[in-house]
Amino acid sequence: MAAAVASIGIMDGAYFVGRGELLHWINATLQLSLAKVEEAASGAVQCQLMDMVHPGVVPMHKVNFDAKNEYDMIQNYKVLQDVFNKLRIGKNIEVNKLVKGRPLDNLEFLQWLKRYCDSVNGGIMNENYNPVERRSKGCKERGSKGSNKSSKSLQANRLSGGDSADAGPGVGKVYTFAEDQYIEQIQQLSVKIADLKVSVDRMEKERDFYFSKLRDIEILCQRPELEHLPMTKAVQKILYAADEKDSPLSDANDIITKSPGLFSDEAE
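Position numbers for residues start from 1 in each chain and track the written sequence from start to end. Per-residue local features are limited, in this predicted model, to residues with pLDDT of at least 70; the limit for side-chain atom pairs, both in listing and counting, is 80 or more; totals at the level of whole chains, interfaces and linings are taken over all residues. Side-chain metrics rest on all non-hydrogen atoms present in the structure, leaving aside hydrogens and water.

- The name given to the protein chain in an unreviewed UniProt entry is Protein ATEB1 homolog 2, and the organism recorded there is Urochloa decumbens.
- According to the UniProt record, the Sequence similarities (unreviewed entry) comment for the protein chain reads "Belongs to the MAPRE family." UniProt positions are given in the numbering used here, feature names are shortened, and annotations may be inferred rather than shown by experiment.

Given below as structure tokens:
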């Protein structure tokens, strides 16, 4: 089943699940309050969804729900990839795209993941699964394992504090705070850029669609048996109009109206 789901095509019904339905499913399943699919870009949500359908397979103590930078997010996806390998799921995780917070990339991956979860046990949820408890337990285990590293890091900072004495007290803290601000601003701008790229892609597709339609009309109007007709000349008048301000529609109407015999049948 895992292999079959991993290889579903882009036209499969799984990829037609809307953002609203997807977010409702995630929030209801994991008791979260996501407003956008890109808020799941850290990979933590995906890890817990796998933890729900395969209890005991995901080391939740390694999953960081507070991941904000790409390095921490990548660690989450490493956990997810290990789980996929254990379960022999041949799904390619495009980590570099997902951690950028691109809406479409994250939407498609979550759509696939929903399809996978629905395929396990017929989509029946484990009633005994407590998502909040699993998250908090994982955070506690991760915190206890990281406490020794934190204490050693603090000791190292204290020991090296004398080297920066000339720079004045508190300089290091100010730098760290400023750095965090810059990182947050970069992340916000990255999300905006991703949204703009999605908008541009959609506009380009729409432009190409209508351009192809106009090109088809132009080719049709160039047929020898049609190019001399008043209607064809009126359409060409609109197609080849160079002035963006003045509409050529009135001139096109004049060509049709002044053409002898065009409305003779109606007059009779």
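### Brief notes about the pattern of salt bridges
Two side chains of opposite charge can pair, provided their charged atoms sit close to one another.
Point 1. We define a salt bridge as a side-chain nitrogen of Lys or Arg found within 4 Å of a carboxyl oxygen belonging to Asp or Glu. Evaluated as defined, the whole model comprises 8 salt bridges.
Point 2. Glu70 is the salt-bridge partner of Lys100, the closest N and O atoms lying 3.2 Å from each other. Residue Lys100 is found in the loop between helix H5 (95-98) and helix H6 (103-119), and its partner Glu70 is found in helix H4 (residues 70-86); the two are separated by 30 residues along the sequence.
Point 3. Relative accessible area decides the class of each residue, using a 1.4 Å probe on protein chains only: under 20% of the type maximum gives buried, over 50% gives exposed, and in between gives partly exposed. With relative accessibility at 38%, the residue Lys100 sits in the partly exposed group.
Point 4. Classification of Glu70 as partly exposed rests on a relative accessible area of 36%.
Point 5. The shortest N-O distance in the salt bridge between Arg223 and Glu225 comes to 2.4 Å. The helix count covers DSSP runs of H or I at least four residues long, the strand count covers runs of E at least two residues long, and both are numbered beginning at the N terminus.

### A look at the layout of surface pockets
Point 1. Taken as a whole, the largest pocket spans an internal volume of roughly 800 Å³.
Point 2. Any residue with an atom within 4 Å of a point lines the site, the site being either a cavity, points on a 1 Å grid over the protein atoms alone where a 1.4 Å probe fits but cannot get out, or a pocket, an open set with protein on both sides within 12 Å along at least 5 of 7 lines. Considering the residues around the largest pocket, the lining is formed by 30 residues, among which Glu38, Lys68, Met73, Gln187 and Val191 are closest to the centre.
Point 3. Elements represented by at least two residues in the lining of the largest pocket include exactly helix H3 (44-53), H4 and helix H8 (171-221).
Point 4. Broken down by element, the residue count for the lining of the largest pocket peaks at 10 residues, all from H8.
Point 5. Side-chain classes follow a simple rule in which Ala, Val, Leu, Ile, Met, Phe, Trp, Tyr, Cys and Pro form the nonpolar group, Asp, Glu, Lys and Arg form the charged group, and the remainder, Gly included, forms the polar group. Looking at the lining of the largest pocket residue by residue, the classes come out as 14 nonpolar, 6 polar and 10 charged. Grid points are joined across faces, edges and corners, and a volume is the space filled by probe spheres set on the points.

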